[in-house]
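The primary structure of each chain is shown beneath.
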Amino acid sequence: MRAIVGLWRWRGNPLCRRSDRREAWLALGAMILVVAVAPFAGWLGASAAHDALLDSVRTQNQARQQVWATTESVQNRAPLDSDPESAAHQPDRQHVVAHWAGPDGSSHKDTVTTREHVQPGERFRLWTDAGGMPANRPMSARTASSYAALAGLAAGTGAAGLMEAGRRLAMRQLLRRRYALWDAEWARIGPDWGRTGSNS
């Protein structure tokens, strides 16, 4: 809006320099680009991320299955190889030693984490990969959509930031040229400044 006001204010003004007009047009062009290009970049980013994440959702749903696992013992502490930060932020999870049969019928036994509070001998559902090893729950389509929206927001914001950076670089070049012209003009008229009868 400032660019439009600036262009209108300088319209027909005899004091308006070429650099002033360029600065106003640059600001107006950057504003139009941000309004037009940034949302389009965000939409493209969100669309691409959504398609990729949906492919991941389909792959995970095909590769992971839930099986029944039987609890052998309950651990009071997290296993040694677990991430202490993630364990601290998941107080509702329980670490148990359990055994289960994989999708291919192979037998497995390991320390796993479950949200269910089970006792020795009780069964619970466990996500595994095709080889029967414990795996995370497949990503849901809703989660994929949320991640895609965040990716689109990041793409739009990044595009706007790049255009603003380009505007600032162009403005810096305009200012350098303006100062160089001022220096040249001052060098021309400076020695005669304030003298009576001078052409300044």
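Refer to the preceding data block for the structure.
Rules used throughout
Residues numbered from 1 in each chain as written. Predicted model: local features only at pLDDT ≥ 70, side-chain atom pairs only at ≥ 80, totals over all residues. Heavy atoms only, no water. Helix = DSSP H or I, 4+ residues; strand = E, 2+ residues; numbered from the N terminus. Buried < 20%, exposed > 50% of the residue type's maximum accessible area, 1.4 Å probe, protein only. Areas by Shrake-Rupley, 256 points an atom, 1.4 Å probe, with all protein chains shown as cover. Contact = heavy atoms within 4.5 Å. Pairing = 2+ DSSP bridges. Axes fitted to C-alpha atoms, helices over the stretch in contact; angles between N-to-C directions. Salt bridge = Lys/Arg side-chain N within 4 Å of Asp/Glu carboxyl O.

S.K.: What's the story with the overall build of the chain in this structure? I'm lost.
M.R.: Along its length, the chain carries four helices and four strands. In sequence order, the chain lays out its α and β elements as α-α-β-α-β-β-β-α. Classification of the 200 residues of the chain by burial places 24% in the buried group. For the chain, the accessible surface area stands at approximately 14100 Å², while carbon and sulfur atoms represent 57% of it.

S.K.: Would you take a moment to explain the side chain of Q94 for this structure?
M.R.: For Q94, the position within the fold is in strand β2 (residues 94-101). Every residue in contact with Q94, bar those within four places of it in the chain, is listed here: V74, V112, T113, T114, E116, H117 and V118.

S.K.: For this particular structure, what's the right way to read the sheet that holds strand β4 (residues 123-128)?
M.R.: Each strand in a sheet pairs with its neighbour through backbone hydrogen bonds, running either in the same direction (parallel) or in the opposite one (antiparallel). Taking strand neighbours across the sheet as the criterion, the four strands line up as β3-β2-β1-β4 in an open arrangement whose pairing is antiparallel. The open sheet terminates on both sides in strands that have one partner only, identified here as β3 (107-114) and β4. In this sheet, neighbouring strand axes are inclined to one another by 45° on average, regardless of whether the strands run parallel or antiparallel. In the sheet, strand β1 (residues 65-75) pairs with β4 via six bridges, with the strands oriented antiparallel. Along β4, the bridge assignment pairs Q66 with W127.

S.K.: Would you mind going over the environment of G131 with me for this structure?
M.R.: Summarising the element assignment, G131 is placed in the loop between β4 and α4 (141-189). What makes G131 partly exposed here is its relative accessible area of 39%. Distance in space between the C-alpha atoms of G131 and G105 is 9.5 Å, their sequence separation being 26 residues. What G131 contacts, discounting residues up to four positions off in sequence, is S106 and H108.

S.K.: When you look at the pattern of salt bridges in this model, what are you seeing that I'm missing?
M.R.: For side chains bearing opposite charge, pairing can occur when the charged atoms are close. As enumerated under the stated definition, the model contains four salt bridges in all. The shortest N-O distance in the salt bridge between R58 and D55 comes to 2.2 Å. With a gap of three residues between them, R58 and D55 both fall in helix α2 (residues 18-63), about one helical turn apart. Assessed through its relative accessible area of 41%, D55 is described here as partly exposed.

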